Every structure is written in C-alpha cells, then in structure tokens.
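Each chain, written out:
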Amino acid sequence: MGTERVDLPKIYRDLHQIPELALQESKTHQYLLALIQKLTAGLDFVEIKTPAALPTAILVLLHGSNPKRTIGYRTDIDALPVTEATGLPYASKNPHVMHACGHDLHMTVALGILANFCEHRPSDQLLFFFQPAEESENGGKLAYEDQLFTGKWRPDEFYGLHDNPQLPAGTIGCRLGTLFAGTTEVDVHFTGKQGHAAYPQFANDMVVAASQFIMQVQTIISRSIDPIEGGVITFGQFEAGTIRNVIAGTAQLHGTIRGLTQKMIRQIDKRLQDVATGIATSYDCQVDLKLNQGGYLPVENDPTRTADLIKYMKKNPEIDYQETEPAMTGEDFGYLLSKFPGTMVWLGAGDPDHQLHSDRFAPDVRAIQPGVSALSGFLTHRMQEAEED
C-alpha cells in the first residue's frame, strides 16, 4: 500500500478530531496502530512494538534489504489544552483539547513516509517512532530513559519535522546549528506578611515584591546576554491576593526561559537566582525559586547530517527550500538529538495569520504530500549514502 493508495488528507482530518493530552493519547494510539497494521499487513520485513513502559508510543521497524545503518524518523502525537475556534467541519470533538501545534499534520506526514517505504522496501533499517507527550512530560526523554532505543531498535541517526505556519504550504525550512531554543520552566514563591490595606506598615506586601522581581528580571536579557545571541524570559502567570482590601502575604510567579544554547540557559538561570536573592534581602521576605532544569534542550542540528540534508533539498528542483532563523519555541526532539546525531526541519503549513498554539491555527492540507515526498526522498538519499560508504 503506497502513498497513492492512502488518503492522507482524510487521515489528517480524522486525527484532527481526536486530539489528546500528553500520556493520554489512547484513541490516537488506537487509530495509528490500526492504520499501521493495515499498511504493513503481509510484509515480512516489518516489526511493530508498543512498549509497556510508554503505552501510547508506537515503534515500527522496517528491516532493510541490505542494511548498513538504522535511520530513525520521529513524529509527536499529543495535543494541547486549547478550545478550538477554527469553525472547521472536522474540528476537535474533544472539549478543550486541540491539535493547535500541528501534531496531526506531523503524524500524517509520518504515515505517508511509512506507506512509501512499505511499498518500496528500504535498503537500510528504518525506524519510525510515534512519540507521545511532546507538549509536556518530555516524551522523548521518557522513551530514552525507558530504554526504547536499544539493540536493533537503536537508530544511528534521527530525523523529524515541525510545521511552521509562516512558511508557504509544503516548503521545507532548515538551518545549520540551533533550530529550536532550549527551555527552563520557572516557579517563584514569595512569602511575606498579610495585613489590612489601611495599615501597610504592619504588613509585607508580596504583590510589590513579586512585581519588583519581574521588573528586575527584564534587565537580564538586555544587560547579561549577548545581543547577537538573544534569549527570552516570560512570566505568564502571576497569582496573589484574595480581596482588594487585604495586603497579600504570598505571591507566585510561573514562567519560562528560552535560550539558543544550554550555556546561555544556565547563564540566565544564574542571574535569576541572583535577582531572587536580592529581592529577598531588599523586601525582607522569603523567595523560593525553582528552576526545572529538566526542561527541553535546544534542538541543535548535527552539522554533518544537516549539511547533507540542506544540499539534498537545495539541489532537488521539486522541493521549495528556505533557510530559516532559529526559533524561541521549544521542542523535546532536542533531547533525542543530544543522544543521536540528526536533524529537524520545518514544514511550511501555510497559515501566516495564526501562530502555533493558536485556537484558530489551521494548516493547509496541501503541505502534506510535499512533506512526504521531500522526507521520503531524503531518507532514500541517506540510504544511498550508506551504500556508497
């Protein structure tokens, strides 16, 4: 069953209607597994594994006709806690959950690539990893730590894609170096003294302390980070107080750090700790700073394999290729690329009016087949490279 016999737009619409949150992707898993079993029925060179340690994950290994390496291809399968507002006839059927990051598009392209290699047996081993929990829970790290990639299931190199609404539908984008930033999640808890609004001298206002913390943090990027490199600190959640006439004795901030290298992220982490210590002293309060340094690593593309990918994409007249800038969005494929050499690329989704994670994000389905063709062609090229080695 090749791609010409697979209705990829229908698959995309089906998947779009059943989005599920990280580690809860049971219906998505069932749909994918049924389709994969149909695609691979009667093929004696295919193995399928659904690991007990990560039950919504699926691994599919295609044994090559003349294997010299194992090439991995990863797609993510989870969705976001977003209420869809696209008005599409195939909109999400799950309340308050939506494929607002395009993982439905990612899965559809992966299935198209799999269908192609089921029809045309690869010469190398080809491993497909349908990964849960990219949006949270760090599914790639979980898979690695649960030893999913051992023995014959261990790839020599790993590839994947992420949709990009700002690129025209079907365009492939990539760059040498960092494609996605790394992240650290930040939680800050301030403890002072609650009191009456009319008697501030008897209280210790944590709204003021937390606000001053936020303002001082703004100088970290502007004065402590190389402006050529750039970084981001965002506090998207501020919790304090219960009523207008009571001075808040506690406050909480929740935010995220983004940086293009782990060195930069660690530098920002250190400066945050310095600011927290200063606020605690200045406002005579307790400041507890928690940095989740198990956040997502930068997606740093392997130099050799990425140069090969870019060369392939540029010389193929059927592929619309664009050099792209690094993005401050996070992607847990960075963890797998820290363990296996490989590359992530952008696939243009053709929806420039809406950003990723928007409740109105709607990729252009015309992106699917160019993505399948470009990545199938490149993976075949990598196998030919192995034969020449």
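No experiment lies behind these values; they were computed from the predicted model shown. (Residues numbered from 1 in each chain as written. Predicted model: local features only at pLDDT ≥ 70, side-chain atom pairs only at ≥ 80, totals over all residues. Heavy atoms only, no water.)

Student: Tell me about the pattern of salt bridges, and please be specific about residues and values.
Tutor: Counted according to the given criterion, the structure contains 14 salt bridges. Between Lys 10 and Asp 14 there is a salt bridge whose closest N-O contact spans 2.8 Å. Here the residue Lys 10 and the residue Asp 14 both occupy positions in helix 1 (residues 8-16), the gap between them amounting to four residues, near one helical turn. Residue Lys 10 is classed as partly exposed on the basis of its relative accessible area of 42%. Asp 14 gets classed as buried once you look at its relative accessible area, which sits at 19%. (Salt bridge = Lys/Arg side-chain N within 4 Å of Asp/Glu carboxyl O. Helix = DSSP H or I, 4+ residues; strand = E, 2+ residues; numbered from the N terminus. Buried < 20%, exposed > 50% of the residue type's maximum accessible area, 1.4 Å probe, protein only.)

Student: Explain the side chain of Glu 20 to me, using residue names and the numbers behind them.
Tutor: Among the secondary structure elements, Glu 20 is positioned in the loop between helix 1 and helix 2 (26-40). Although Glu 20 is buried, it makes no salt bridge; Lys 27 carries the closest opposite charge, 6.1 Å away. Looking at Glu 20, its side chain comes within polar contact range of the main-chain nitrogen of Ser 26, at 3.3 Å. Side chain to side chain, Glu 20 and Thr 28 meet in a polar contact 2.7 Å long. What Glu 20 contacts, discounting residues up to four positions off in sequence, is Glu 25, Ser 26, Lys 27, Thr 28, Asp 78, Ala 79, Asn 94 and Val 97. (Lys, Arg positive; Asp, Glu negative; His and termini not counted. Polar contact = N/O pair within 3.5 Å; in protein donor to acceptor, adjacent residues only side chain to side chain. Contact = heavy atoms within 4.5 Å.)

Student: I'd like a rundown of the packing of helix 1 against helix 2, residues and numbers included.
Tutor: Interaxial distance between helix 1 and helix 2 falls to 10 Å at its minimum, and their mutual angle equals 160 degrees. Relative to helix 2, helix 1 is oriented roughly antiparallel. Helix 1 and helix 2 meet at a crossing whose hand is right-handed. Contact residues: Ile 11, Asp 14 and Leu 15 in helix 1; Thr 28, Tyr 31, Leu 32 and Leu 35 in helix 2. Across the contact of helix 1 with helix 2, the residue classes break down as five nonpolar, one polar and one charged. (Axes fitted to C-alpha atoms, helices over the stretch in contact; angles between N-to-C directions. Parallel < 35°, antiparallel > 145°, perpendicular 65-115°, else oblique. Left-handed = near helix turned anticlockwise from the far one by under 90°. Nonpolar A, V, L, I, M, F, W, Y, C, P; charged D, E, K, R; others polar.)

Student: An account of the domain arrangement of the protein is requested, with residue identities and associated values reported.
Tutor: Domain assignment breaks the protein into domain 1 (8-180 + 299-384) and domain 2 (182-292). On a C-alpha basis, the centres of domain 1 and domain 2 stand 36 Å from each other. Summed over both partners, the interface of domain 1 with domain 2 comes to about 560 Å²; 66% of that surface belongs to carbon and sulfur atoms. On the domain 1 side of the contact with domain 2, Thr 178, Met 328 and Gly 330 bury the most area, a combined 71% of that side's loss. Summed over the shared surface of domain 1 and domain 2, the number is zero salt bridges. The interface formed by domain 1 and domain 2 holds two residue pairs in polar contact (both at pLDDT 80 or more) in total. (Domains from an automatic or database assignment. Buried area = accessible area lost by both parts, 1.4 Å probe.)

Student: Requested: an account of helix 6 (residues 262-282), with residues and values cited.
Tutor: Compared with the 30 Å implied by 1.5 Å per residue over 21 residues, the 30 Å span of helix 6 between its first and last C-alpha is a close match. Taken residue by residue, helix 6 has Met 264, Ile 265, Ile 268, Asp 269, Leu 272, Val 275, Ala 276 and Ile 279 as its buried positions. One side of helix 6 holds all its buried residues, which, seen down the axis, span an arc of 140 degrees. In helix 6, the exposed positions angled more than 90 degrees off the buried face are occupied by Lys 263, Thr 277 and Thr 281. Where helix 6 is buried, its residues contact strand 8 (182-191), helix 5 (206-224), strand 10 (231-240), strand 12 (250-259) and strand 13 (286-292). (Expected span 1.5 Å × (residues − 1). Arc of directions from axis to C-beta.)

Student: Residue-level account of the UniProt feature "domain: Peptidase M20 dimerisation" (unreviewed entry) in the protein, with values.
Tutor: Within this structure's numbering, the places UniProt gives as "domain: Peptidase M20 dimerisation" (unreviewed entry) are residues 183-277. Counted over residues 183-277, helix gives 37% and strand 35%. Its end C-alpha atoms are 22 Å apart. (UniProt positions renumbered as here; feature names shortened; annotations may be inferred.)

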